[in-house]
Amino acid sequence: MAKTKELTVEERLRALYDLQLIDSRIDEIRNVRGELPLEVRDLEDEVAGLNIRLEKLVSSLEVIDNDIVSKKNQIEESKSLIKKYSEQQKNVRNNREFNSLTKEVEFQELEMELAEKHIKEFKVQIEQKKVVISETKERLKERENHLKHKKSELDAILAETEKEEQALIGKSQEYQEQIEERLVSAYNRIRKNVKNGLAVVAIERGASGGSFFTIPPQIQVEIAARKKVITDEHSGRILVDAQLAEEQKEKMAKLFTKLS
């Protein structure tokens, strides 16, 4: 967006420091939330996963129940065939036919034994799955309660800060539009690369804020003169004098009070 007027260096420095104060306030608000949004998202994913697991477990129980019914039907079919073959044995004409029917009876008896064995195994699986289902339901209930608590906690924080945060984001954009694009790009690049997102800092006890490296007196004089944008050679941060910083802090404090 086109700027309404060309800013002096001092005006740029003040605008940059104001922008830093606004963005730092946004950072503070987001830090209050901490890891809550991620925790809520992780809990939502876990609850969804547990629900899917529960559905699969219940579905597998239905499959096993159907398998048991199938094996029971097979047993009844084998019983029917055994009865049929036993009746046929009464009317055989030779030993070969009798022996053949005897083998059929024995085969069906083995089929019945195998089916009964499978039914027992299926019943064991059912009991095991019921235990897992019970444990999964307990875990799901506990995770749902935890999710409800965390969502409530997050909603309370959002209710307190969301309006202020959105207003500050708007102000941050507004200030960025007042500053030339080159400086905004440099500011954003520095913010990403330094601790606590502090791209513009004031001189404190002869050193840049957050740094132990002393700034030469001549450079401090140039910073106080506000005739050019100066960066700290060690951290890369943009430097402003303490007086300017205090003046802008007072100004922004009034804005923050109004927005909160």
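This structure is a prediction, so every number in the text was calculated from the model and none was measured. (Residues numbered from 1 in each chain as written. Predicted model: local features only at pLDDT ≥ 70, side-chain atom pairs only at ≥ 80, totals over all residues. Heavy atoms only, no water.)

1. Overview of the overall build of the chain
Along the backbone of the chain there are six helices and four strands. Listing each helix as α and each strand as β along the chain from the N terminus yields α-α-α-α-β-β-α-β-β-α. Whereas a compact globule of 260 residues would reach a radius of gyration of roughly 18 Å, the chain reaches 39 Å, over 25% beyond that. In terms of overall dimensions, the chain has C-alpha extents of about 125 × 40 × 35 Å along its principal axes. Here the chain, with 260 residues, has 36% of them falling under the buried criterion. Considering only residue pairs separated by 6 or more positions, the chain has 77% of its internal contacts joining residues 24 or more positions apart. If the 47 positive side-chain charges of the chain are averaged to one point and the 51 negative ones to another, these points end up 1 Å apart. (Helix = DSSP H or I, 4+ residues; strand = E, 2+ residues; numbered from the N terminus. Rg over C-alpha atoms; globule rule 2.2 N^0.38 Å. Buried < 20%, exposed > 50% of the residue type's maximum accessible area, 1.4 Å probe, protein only. Contact = heavy atoms within 4.5 Å. Lys, Arg positive; Asp, Glu negative; His and termini not counted. Charge placed at Lys NZ, Arg CZ, Asp CG, Glu CD.)

2. Notes on the environment of Ile64
Tracing the chain through its elements places Ile64 in helix H2 (residues 36–89). On the accessibility criterion, Ile64 (5% relative accessible area) is buried.

3. Focus: the UniProt feature "coiled-coil region" (unreviewed entry) in the chain
Here, the residues flagged by UniProt with the feature "coiled-coil region" (unreviewed entry) are residues 40–178. Between the C-alpha atoms that bound residues 40–178 the distance is 37 Å, and the span itself is 96% helix and 0% strand. (UniProt positions renumbered as here; feature names shortened; annotations may be inferred.)

4. Focus: the sheet that holds strand S2 (residues 207–208)
Taken in spatial order, the four strands of this open sheet run S2-S1-S4-S3, and their pairing is mixed. On the outer flanks of this sheet lie S2 and strand S3 (230–231), each paired with one strand and no other. Sheet topology note: the S3/strand S4 (residues 238–240) ladder contains two bridges and is antiparallel. Counterpart to Ile230 in the pairing with S4 is Leu239. (Pairing = 2+ DSSP bridges.)

5. Considering the environment of Lys258
Relative to the assigned elements, Lys258 resides in helix H6 (residues 242–259). Taking the C-alpha atoms as reference points, Lys258 and Leu43, separated by 215 residues in sequence, lie 36 Å from one another.

6. Quick notes on the nonpolar core
Of all hydrophobic cores here, the largest spans 28 residues; its most connected members are Tyr17, Val200 and Val240. Per-element accounting of this core gives the leading share, nine residues, to helix H1 (residues 9–33). Aside from chain neighbours lying at most four places away, what touches Val240 is Leu13, Tyr17, Val200, Val201, Ala202, Ile203, Ile223 and Ala245. (Core = buried A, V, L, I, M, F, W, Y, C linked by side-chain atoms within 4.5 Å.)

7. Some thoughts on the pattern of salt bridges
Under the counting rule described, the total for this entry stands at 26 salt bridges. The residue Arg14 makes a salt bridge to Glu247 at a minimum N-O spacing of 2.8 Å. Separated by 233 residues along the polypeptide, Arg14 in helix H1 and Glu247 in helix H6 bring together distant segments of the chain. Note that Glu44 is salt-bridged to Lys151, the shortest N-O span being 3.3 Å. Here the residue Glu44 occupies a position in helix H2, and Lys151 occupies one in helix H3 (residues 95–178), the gap between them amounting to 107 residues. Within this structure, Glu10, Arg14, Arg226, Asp241 and Glu247 form a network of salt bridges that share partners. (Salt bridge = Lys/Arg side-chain N within 4 Å of Asp/Glu carboxyl O.)

8. Some details on the UniProt feature "domain: C4-type zinc ribbon" (unreviewed entry) in the chain
Those residues carrying the UniProt feature "domain: C4-type zinc ribbon" (unreviewed entry) are residues 208–239 in this numbering. Secondary structure content for residues 208–239 is 28% helix and 16% strand, while the C-alpha to C-alpha distance between its ends is 7 Å.

9. As for the packing of H2 against H3
Close contact between H2 and H3 brings their axes to 6 Å; oriented N to C, the two are set at 165°. Compared by their axis directions, H2 and H3 come out roughly antiparallel. Here H2 and H3 pass one another in a crossing that is left-handed. Among the residues making up the contact of H2 with H3, the classes are represented as 30 nonpolar, 13 polar and 23 charged. (Axes fitted to C-alpha atoms, helices over the stretch in contact; angles between N-to-C directions. Parallel < 35°, antiparallel > 145°, perpendicular 65-115°, else oblique. Left-handed = near helix turned anticlockwise from the far one by under 90°. Nonpolar A, V, L, I, M, F, W, Y, C, P; charged D, E, K, R; others polar.)

10. Description of the side chain of Gln20
Of note, Gln20 is situated in helix H1. Overall, Gln20 belongs to the buried group, its relative accessible area being 2%. Leave out the neighbours within four places in its chain, and Gln20 touches Tyr187, Arg191, Gly197, Leu198, Ala199 and Val200.

11. As for helix H4 (residues 181–193)
For H4, built from 13 residues, the straight-helix expectation of 18 Å at 1.5 Å per residue is met to within 8% by its first-to-last C-alpha distance of 18 Å. All of the buried residues along H4 are Leu183, Val184, Ala186, Tyr187, Ile190 and Arg191. Along the long axis of H4, the arc covered by the buried residues comes to 160°, so they all point the same way. Exposed side of H4, more than 90 degrees from the buried face: Glu181, Arg182, Lys192 and Asn193 are the residues found there. On the buried face of H4, the contacting elements are H1, H3, strand S1 (200–204) and S4. (Expected span 1.5 Å × (residues − 1). Arc of directions from axis to C-beta.)

12. So, the pairing of S1
Side-chain direction in a regular strand flips from residue to residue, so the side chains alternate between the two faces of the sheet. Burial runs high along S1: four of the five residues are buried. When S1 meets S4, the two strands line up parallel, connected through three bridges. When the bridges of S4 are listed, Ala202 appears paired with Val240. Linking S1 to S2, which pair antiparallel, is a turn of two residues; within it Arg205 sits at a positive phi near 50°.

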